[in-house]
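In case you want the letters, here they are:
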Amino acid sequence: MTCFRHQKGVLQCQKGFANRRVAFVILLVSALLFTAVFASIALRASPPTTAAQTPLNIPTLIDSRTQNGPIVIDITKGEHAFFLGVKSTTRGYNGGYLGPTIKMYKGENTDIQFTNHLDEPTNIHGHGLHVEGKIDGGPQNKIMPGETWSVTIPVSQQASTNWYHPHLKGSTASQVHSGLAGFYLIEDAHSMSLGLPNSYGIDDIPLVIQDRSFVDGKMTPYPTGNMPEDLREDTLVVNGTVNPYTLVPRSFVRLRLLNGSNARSYEFYLEGDQPFYKIATEGGLLPSPVELTSLKMAPGERNDIVVDMSVVESQRLLARLLPMNYNGFNAVLIPFSQSQSVLELRGDDSLKVLASELPKQLNTITPYLEKDVEVERVFELGDMSINGQQMNMKVINHESKLGQLEKWTIDSGRHPFHMHGTSFLILSMNGKPPAPEDQGWKDTIYPNGTAEILLKFDYEATEQWPYMYHCHILEHEDMGMMGQFTVK
Ligand SMILES: [Cu+2]
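Residues numbered from 1 in each chain as written. Predicted model: local features only at pLDDT ≥ 70, side-chain atom pairs only at ≥ 80, totals over all residues. Heavy atoms only, no water.

**Details of the UniProt feature "domain: Plastocyanin-like" (unreviewed entry) in the protein chain**
Those places that UniProt annotates as "domain: Plastocyanin-like" (unreviewed entry) correspond, in this numbering, to residues 81–189 and 379–488. The distance separating the terminal C-alpha atoms of residues 379–488 is 21 Å; by composition the span is 5% helix and 35% strand. (UniProt positions renumbered as here; feature names shortened; annotations may be inferred. Helix = DSSP H or I, 4+ residues; strand = E, 2+ residues; numbered from the N terminus.)

Here is the structure:
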């Protein structure tokens, strides 16, 4: 029943019609409001029109084949200009922010000496590396101030885009945020024979994508005191540059995307929704290139994509900054998420055309068979815990056997999941077989709900140097969303 007062002051109540009329008016007003709100969001969501003015910072390349002796990495405090002429206080490896790209080769050893010049402990985790627990750089493996960690990495895995970053329980988020991250690129004879773009910094460009906030051009440091639950900021930073451009040959250009953010996920796309090709997941090349127009990436994930610059003079890679849980209900909001420019690729006719064709076949992946599974494990990512347990350095959460095929069911909720020491193949994503672009080797996954993965471990991880599995939202990891396991 609806009641309203006539002009003469008579209270009149009506059933039915008035209810419907009121409901209609409410519906109409809601629809108008909804449209207005979304239109305003959409306006804000349109990509920036400011032309890129900063040349992309490309991390220095250290090729392990050209070294006489170990690669020396100094972990230091420093300064970095995200905006021209304005310096921020940061930390870096051999520099103010981020670190050199270290190129390694399958079948060869790479020696590296990391020296901690900070006034707090740190360590170096090789994210994506198939190496034993002692080399993996988990939270047990501290480098105290003034100490040097000398490591020999025996590279046994296939060509892939990996990275290194701190991994101490409680300080991973703040240390990565301050600038501590770098690429480990692995090459092998097969990948180098394919004719893929592989001139570093010219047509093969690593991009670490992060979000930061700035006041008058200065980076806001990581909050001290209470750790935020998940730090998502408003400005996209690519290799430490904001809204950058880079000159590229008019040919195929490979971009190695790494989501190096603490907690932010992105949806990448080319301006005008032009197609691009995904050629690799975290652990190696896909069987063949997969044409896509958008690609979502959670923290810790890597994907190599190829853009055809022979057909355009310039092209912009854009990213929508996604809400925390970008699946389920929030998926509705994605088209209205704010977009920012990742990188403007400017074709330069004076640069030699390097890769004019994209090979149709890239890799052979022999799938694991579910019938060969020997052990099944379930990981439920809950409220800052996994399977109801928080990380305890003194507790080994499970023991795996060397070479044994395992099936892991990951009930991820809003959390990206990563495990150390190996790469896995996806068996199912929410009950469906993985899409072609997800049928590659991976070590980090945000499955849209539940994923089943198949994996085995080829290297030892003892109680002293166990492997980790954890949420790759760095704040969640620091707060204990992590477990440890041995492999023997
Ligand atoms: Cu999480």
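There is more to say after this.
**Observations concerning the coordination of the copper ion**
Here the copper ion is held by H415 (ND1), C471 (SG) and H476 (ND1), and the distances to it run 2.0 to 2.1 Å. Residue H415 is classed as buried on the basis of its relative accessible area, which comes to 3%. (Donors = N, O, S within 2.8 Å, 3.2 Å for Na, K, Ca; no water. Buried < 20%, exposed > 50% of the residue type's maximum accessible area, 1.4 Å probe, protein only.)

**Observations regarding the packing of aromatic side chains**
Aromatic rings considered in pairs are described by the distance between their centres and by the relative angle of their planes. Taken as a whole and assessed by the stated rule, the structure comprises 21 aromatic pairs. Each member of the aromatic cluster is reached from another via a ring pair, and the members are F379, W408, F417, F457, Y467, Y469 and F485. The ring of Y105 carries R65 above its face, with NZ or CZ at 3.8 Å from the centroid. One Lys or Arg, R346, reaches over the ring of Y245 and ends 3.9 Å from the middle of that ring. (Phe/Tyr/Trp six-rings, centres within 6.5 Å; stacked < 30°, edge-to-face > 60°. Lys NZ or Arg CZ within 6 Å of the ring centre and 35° of its normal.)

**Looking at the nonpolar core**
L207, I209, L255, L257, F268, L317 and V342 are the most contacted members of the largest nonpolar core, which totals 28 residues. In this structure F268 touches I209, L257, F276, T293, S294, L295, M297, L317, L318, A319 and V342, once residues within four positions along its chain are discounted. Counting 25 residues, the second-largest nonpolar core is a separate cluster that includes I386, F417, M419 and I453. (Core = buried A, V, L, I, M, F, W, Y, C linked by side-chain atoms within 4.5 Å. Contact = heavy atoms within 4.5 Å.)

**A look at the sheet that holds strand β6 (residues 86–93)**
If you walk across this open sheet you meet the four strands as β6-β5-β8-β10, and the pairing is mixed. Whereas interior strands pair on both sides, the edge strands pair on one side only; in this sheet they are β6 and β10 (148–154). Taken over all neighbouring pairs, the strand axes of this sheet differ in orientation by 35° on average, direction set aside. In terms of strand pairing, strand β5 (residues 71–83) meets strand β8 (residues 109–116) through five bridges, oriented parallel. Across the sheet, the residue bridging to I75 is N116, located in β8. (Pairing = 2+ DSSP bridges. Axes fitted to C-alpha atoms, helices over the stretch in contact; angles between N-to-C directions.)

**What to know about the environment of G217**
Of note, G217 is situated in the loop between β14 (214–215) and β15 (218–219). Classification of G217 as buried rests on a relative accessible area of 14%. For the pair G217 and L84, spaced 133 residues apart in sequence, the C-alpha separation works out to 8.6 Å. In this structure, G217 is in contact with F83, V86 and S88, ignoring residues within four places of it in sequence.

**As for the pattern of salt bridges**
Two side chains of opposite charge can pair, provided their charged atoms sit close to one another. One pass over the full model with this rule turns up 24 salt bridges. Between R256 and D204 there is a salt bridge; the shortest N-O distance is 2.8 Å. Here D204 lies in strand β13 (residues 204–212) and R256 lies in strand β18 (residues 252–259), a separation of 52 residues in the sequence. Across the salt bridge formed by E463 and K488, the nearest N and O atoms sit 2.7 Å from each other. Separated by 25 residues along the polypeptide, E463 in the loop between β32 (450–455) and β33 (467–471) and K488 in the segment after β34 (482–487) bring together distant segments of the chain. Classification of E463 as partly exposed rests on a relative accessible area of 43%. For K488, a relative accessible area of 45% corresponds to the partly exposed category. (Salt bridge = Lys/Arg side-chain N within 4 Å of Asp/Glu carboxyl O.)

**Remarks on the sheet that holds strand β30 (residues 425–429)**
Taken in spatial order, the four strands make up an open sheet running β26-β28-β32-β30, and their pairing is mixed. Strands with a single pairing partner mark the edges of an open sheet, and in this sheet they are β26 (375–380) and β30. Across the sheet, the mean angle separating the axes of adjacent strands is 20° when strand polarity is ignored. Direction of pairing for β30 relative to β32: antiparallel, over a ladder of four bridges. Bridging across to β32, I426 finds its partner in I453.

**Here's the deal with the environment of P287**
Residue placement: P287 occurs in strand β21 (residues 284–292). Put simply, P287 and I365 are 78 residues apart on the chain and 6.6 Å apart in space, counted from C-alpha to C-alpha. With residues up to four places along the chain from it excluded, the contact list for P287 reads K360, Q361, L362, N363, I365 and Q439.

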